[in-house]
Amino acid sequence: MNHLFADTANLEEIIEANNLGAIQGVTTNPSIIAKEPRGNFDNLIYGLAEYCGSEKLSLSVEVFATEYEQIVRQASEIYEKFSGICPDLYVKIPVGFEELKAIKVCSRKGIRVNATICYSEQQLQLCASAGAKYVSLFYCRLRQHGGDVAKAIKRTKNYIKYNNLDTKLICGSIRTQQDVSDAWDLGADIVTTGLNVIKEMVVHPKTKESYDGFNKDFAAWIS
Ligand code: E4P
């Protein structure tokens, strides 16, 4: 699969991207939430879940607890509150020692987990083994850190296939349309990025030039 998700908690941006027929899902994180006007977390997520559910879009919502017990409790609360209105709901849990325990426990409870903030193939692979349905690589942040994104993607995809795991690889932290295409080409099942990048994928200067030429020629003929 080569799916594209919108990396935003702004409902208008999600609707704009979805109206293009461009996306199959939405991802959020605490920093993305913090870009929205201050308000009630549940109300914000309810609005996103309601729209995504009605449009059959996947929605990932990240926990903001940091201790094992609270992570499991918050993941369960998010899932119980919103999976009924958005059946394709995923709870994002960052990778870490306590977090991997939570990923395993939540996955065993039937919560679909998007394991996130992964920078290495090892982190991605352990999260997949712990039961995460999505594992999220921070693509540009890793590359900026001097990491080998191609190796991380290819080896994680091989690991998932070799171990027959029910896990998809997401590349987040995507800055340009070229990053989208490169991540897909390297094997990412899903790429998630902002509306600005999605809109960048639609246009090309030569398309506009050719389009204007066609319209000019036809206008001269039809008049
Ligand atoms: C994916 O959902 C990530 O949370 C998101 O893409 C983070 O990337 P960025 O903060 O580097 O843009």
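Look up a bit, the structure's there.
Residues numbered from 1 in each chain as written. Predicted model: local features only at pLDDT ≥ 70, side-chain atom pairs only at ≥ 80, totals over all residues. Heavy atoms only, no water.

Asker: Could you give me a rundown of the packing of helix α4 (residues 68-82) against helix α5 (residues 97-108), with the residues and numbers involved?
Answerer: Between α4 and α5, the least distance of the axes is 9 Å, while the angle of their chain directions is 35°. At the point where α4 passes α5, the crossing takes the right-handed sense. Contacts from Y68, I71, V72 and A75 of α4 reach α5 at E98, E99, K101, A102, V105 and C106. Taken together, the residues of the contact of α4 with α5 sort by class into seven nonpolar, no polar and three charged. (Axes fitted to C-alpha atoms, helices over the stretch in contact; angles between N-to-C directions. Helix = DSSP H or I, 4+ residues; strand = E, 2+ residues; numbered from the N terminus. Left-handed = near helix turned anticlockwise from the far one by under 90°. Contact = heavy atoms within 4.5 Å. Nonpolar A, V, L, I, M, F, W, Y, C, P; charged D, E, K, R; others polar.)

Asker: Go over the side chain of S83, please, and point to the residues and values.
Answerer: Looking at the element boundaries, S83 is found in the loop between α4 and β4 (89-94). A distance of 2.6 Å separates a polar side-chain atom of S83 from the backbone oxygen of Y79. Ignoring sequence-local partners within four residues, the contact set of S83 consists of I78 and L89. (Polar contact = N/O pair within 3.5 Å; in protein donor to acceptor, adjacent residues only side chain to side chain.)

Asker: How would you summarise the site of the ligand if you had to cite specific residues and measurements?
Answerer: Looking at the ligand, the residues that line it are D7, T27, N29, K92, F138, R141, G172, S173, R175 and T192. Residue S173 places a main-chain N or O atom 2.8 Å away from an oxygen atom belonging to the ligand. Within the side chain of R175, an N or O atom sits 2.8 Å from an oxygen atom of the ligand. Across the complex, the protein chains shield 87% of the 340 Å² of accessible surface that the ligand would expose by itself. Partitioning the shell around the ligand into residue classes produces one nonpolar, five polar and four charged. (Near = heavy atom within 4 Å. Areas by Shrake-Rupley, 256 points an atom, 1.4 Å probe, with all protein chains shown as cover.)

Asker: Give a detailed account of helix α11 (residues 205-222), specifying residues and quantitative values.
Answerer: If you check α11, its first and last C-alpha atoms are 26 Å apart, about what 18 residues at 1.5 Å a residue would give, namely 26 Å. With zero of its 18 residues buried, α11 lies for the most part at the surface. (Expected span 1.5 Å × (residues − 1). Buried < 20%, exposed > 50% of the residue type's maximum accessible area, 1.4 Å probe, protein only.)

Asker: Any details on the side chain of S173? Residues and values, ideally.
Answerer: Secondary-structure assignment places S173 in the loop between β7 (168-172) and α9 (177-186). Of note is the side chain of S173, whose polar atom sits 3.4 Å from the side chain of R175.

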